[in-house]
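Here is what each chain is made of, one letter per residue.
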Amino acid sequence: MIKAISIHSYSFKLSLTLLLTGVLLSVIPVKAQEYPGCFIRERSGDVVNLTQSVCGLFPTSTPLSANPTTPGIFQIPIKRREGGIPVIDVNFNGKNTFEMLLDTGASGVVITSAMATALAVQPHGNLPVNTASDQVINQQVGRVNSIDVGGLQIRDVEVSISPVLEIGLLGQGFFGNYDITIKQDVIEFRSRA
C-alpha cells in the first residue's frame, strides 16, 4: 500500500509538472531561428557566425549574412573605435568603400578631401558648419549617387567636404529615419514603424 501511494504521488507530480510546462510554453512567445546557417548567440546578445570556422565541416544551405533576415533591421560590424566612436565601412556609388565614424551628433554626411577626390565629387556651393568646438567653418557641398552601409542604401545624398578631417563622419543625413543600437561590435539600424 505504501508503494502504491509513492507511485501515485510520483505520477501526480509528473502530471502536474507536464501540465505546468505545457501551460508556460503555450503563453511564452517563441521566436523561430532568425539567422540561416550555423551560429551561436553570446550572452551579450551578439551573434557569432560559425558557418566557416566550426560548421564548415557540415555544409549548410545558406551562410549567415551580416544582416538578420528580419525585415527593416540592418547590422553593421564595428571595425574599431576612435575615441570611443565606432568606425564602420561605408560604400559610395557602389564602387568605393571608406572607413567612417558613425557620428550620432552630426547632422549630415561629411567626407574628407581625399574621399571627394576619389569619388570625383563636384562641389556646388558652400555651407557654414557649426563644429563640436563651437566654431563655424565653411565647407564645400557636393552630391554622391549613393551611400550603402550593410545593405541599407540611400540615393542622391548631399555631402559636405571637410578640408581638415582625416576620416569621414556618417551622420543623421544617412540614418535619420532609423533607430540605432550601438553594441560592442555591431551597430543595428531599425526602420521606424
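Here, every reference points to the structure presented above.
These numbers were taken from a predicted model, which means no experiment stands behind them. (Residues numbered from 1 in each chain as written. Predicted model: local features only at pLDDT ≥ 70, side-chain atom pairs only at ≥ 80, totals over all residues. Heavy atoms only, no water.)

Colleague: What's the story with the overall build of the protein chain in this structure? I'm lost.
Modeller: Helix and strand counts for the protein chain come out as three helices and 13 strands. Counting all 193 residues of the protein chain, 32% fall into the buried class. Total accessible area computed for the protein chain in this model is approximately 12500 Å², and 57% of it derives from carbon and sulfur atoms. (Helix = DSSP H or I, 4+ residues; strand = E, 2+ residues; numbered from the N terminus. Buried < 20%, exposed > 50% of the residue type's maximum accessible area, 1.4 Å probe, protein only. Areas by Shrake-Rupley, 256 points an atom, 1.4 Å probe, with all protein chains shown as cover.)

Colleague: Help me understand the side chain of Gln139, please; the structure alone is not making it clear to me.
Modeller: Here Gln139 shows up in strand β9 (residues 136-149). Classification of Gln139 as buried rests on a relative accessible area of 5%. In this structure the side chain of Gln139 is engaged in a polar contact, spanning 3.0 Å, whose partner is the side chain of Ser160. For Gln139, the residues in contact, after removing those within four places along its chain, are Val110, Gly125, Asn126, Leu127, Val129, Ser160, Ile161, Ser162 and Pro163. (Polar contact = N/O pair within 3.5 Å; in protein donor to acceptor, adjacent residues only side chain to side chain. Contact = heavy atoms within 4.5 Å.)

Colleague: What should I look at first to understand the packing of aromatic side chains in this one?
Modeller: A ring pair, where both rings are aromatic, is described by two values, the distance of the centres and the angle of the planes. Counting across every chain of the model gives five aromatic pairs. Their ring planes at 75° and their centres at 6.3 Å tell us that Phe174 and Phe189 sit as a pair that is edge-to-face. Here Phe174, found in helix α3 (residues 172-175), pairs with Phe189, found in strand β13 (residues 186-191); they are 15 residues apart in sequence, far enough to count as distant. What makes Phe174 buried here is its relative accessible area of 3%. Look at Phe189 and you get buried, because its relative accessible area is 0%. (Phe/Tyr/Trp six-rings, centres within 6.5 Å; stacked < 30°, edge-to-face > 60°.)

Colleague: I keep staring at the nonpolar core and nothing clicks. Help me out?
Modeller: Here is a general trend for soluble globular proteins: nonpolar side chains tend to be buried in one another's company. Phe92, Val109, Ile111, Ile147, Val149, Leu170 and Phe189 are the most contacted members of the largest nonpolar core, which has 28 residues in total. With four residues, strand β10 (residues 152-162) is the largest single contributor of residues to this core. Contacts of Val149, omitting those with residues within four sequence positions, involve Ile76, Ile88, Asp89, Val90, Leu170, Phe174 and Phe189. The next biggest cluster of nonpolar side chains, apart from the first, holds five residues, and it includes Leu101, Val110, Ile167 and Leu169. (Core = buried A, V, L, I, M, F, W, Y, C linked by side-chain atoms within 4.5 Å.)

Colleague: Got a minute to help me understand the side chain of Asn91 in this structure?
Modeller: The topology assignment puts Asn91 in strand β5 (residues 85-92). In terms of polar contacts, Asn91 uses its side chain to reach the side chain of Thr97, at 3.0 Å. Each residue touching Asn91, except ones within four places of it in the same chain, is listed here: Asn96, Thr97, Ser146, Ile147 and Asp148.

Colleague: Mind showing me how you'd approach the sheet that holds strand β12 (residues 178-182) here?
Modeller: Across a sheet, strands are paired by hydrogen bonds formed along the backbone, either parallel or antiparallel in direction. With antiparallel pairing, the three strands of this open sheet are ordered in space as β3-β13-β12. At either margin of the open sheet sits one strand with a lone partner, and together these are β3 (73-77) and β12. Taken over all neighbouring pairs, the strand axes of this sheet differ in orientation by 20° on average, direction set aside. (Pairing = 2+ DSSP bridges. Axes fitted to C-alpha atoms, helices over the stretch in contact; angles between N-to-C directions.)

Colleague: Even after reading the chapter, I still don't get unusual backbone geometry, so can you show me in this structure?
Modeller: Across the chain, the bulk of peptide bonds are trans and the bulk of non-glycine residues have phi less than zero. Phi angles above zero are rare outside glycine, and Asn93 is one such case at about 55°. Mapped onto the secondary structure, Asn93 falls in the loop between β5 and β6 (96-102). Not every positive phi belongs to a glycine, and Ala120 is a case in point at roughly 55°. Locating Ala120 in the fold gives a position in the loop between α2 (113-119) and β8 (125-130). Taking the relative accessible area as the measure of exposure, Ala120 reaches 52% and is therefore exposed.

Colleague: Would you mind showing me how to read the pattern of salt bridges here?
Modeller: A side chain with one charge can pair with a side chain of the opposite charge if their charged atoms come near. Tallied over the entire structure, the rule returns eight salt bridges. Taking the shortest distance from any N to any O, the salt bridge between Lys79 and Glu99 comes out at 2.8 Å. Of this pair, Lys79 sits in the loop between β3 and β4 (80-82) while Glu99 sits in strand β6, placing them 20 residues apart in sequence. A relative accessible area of 28% places Glu99 in the partly exposed class. For Arg143, the salt bridge goes to Glu158, with nearest N and O atoms at 3.7 Å. In this pair, Arg143 sits in strand β9 while Glu158 sits in strand β10, placing the two residues 15 residues apart along the sequence. (Salt bridge = Lys/Arg side-chain N within 4 Å of Asp/Glu carboxyl O.)

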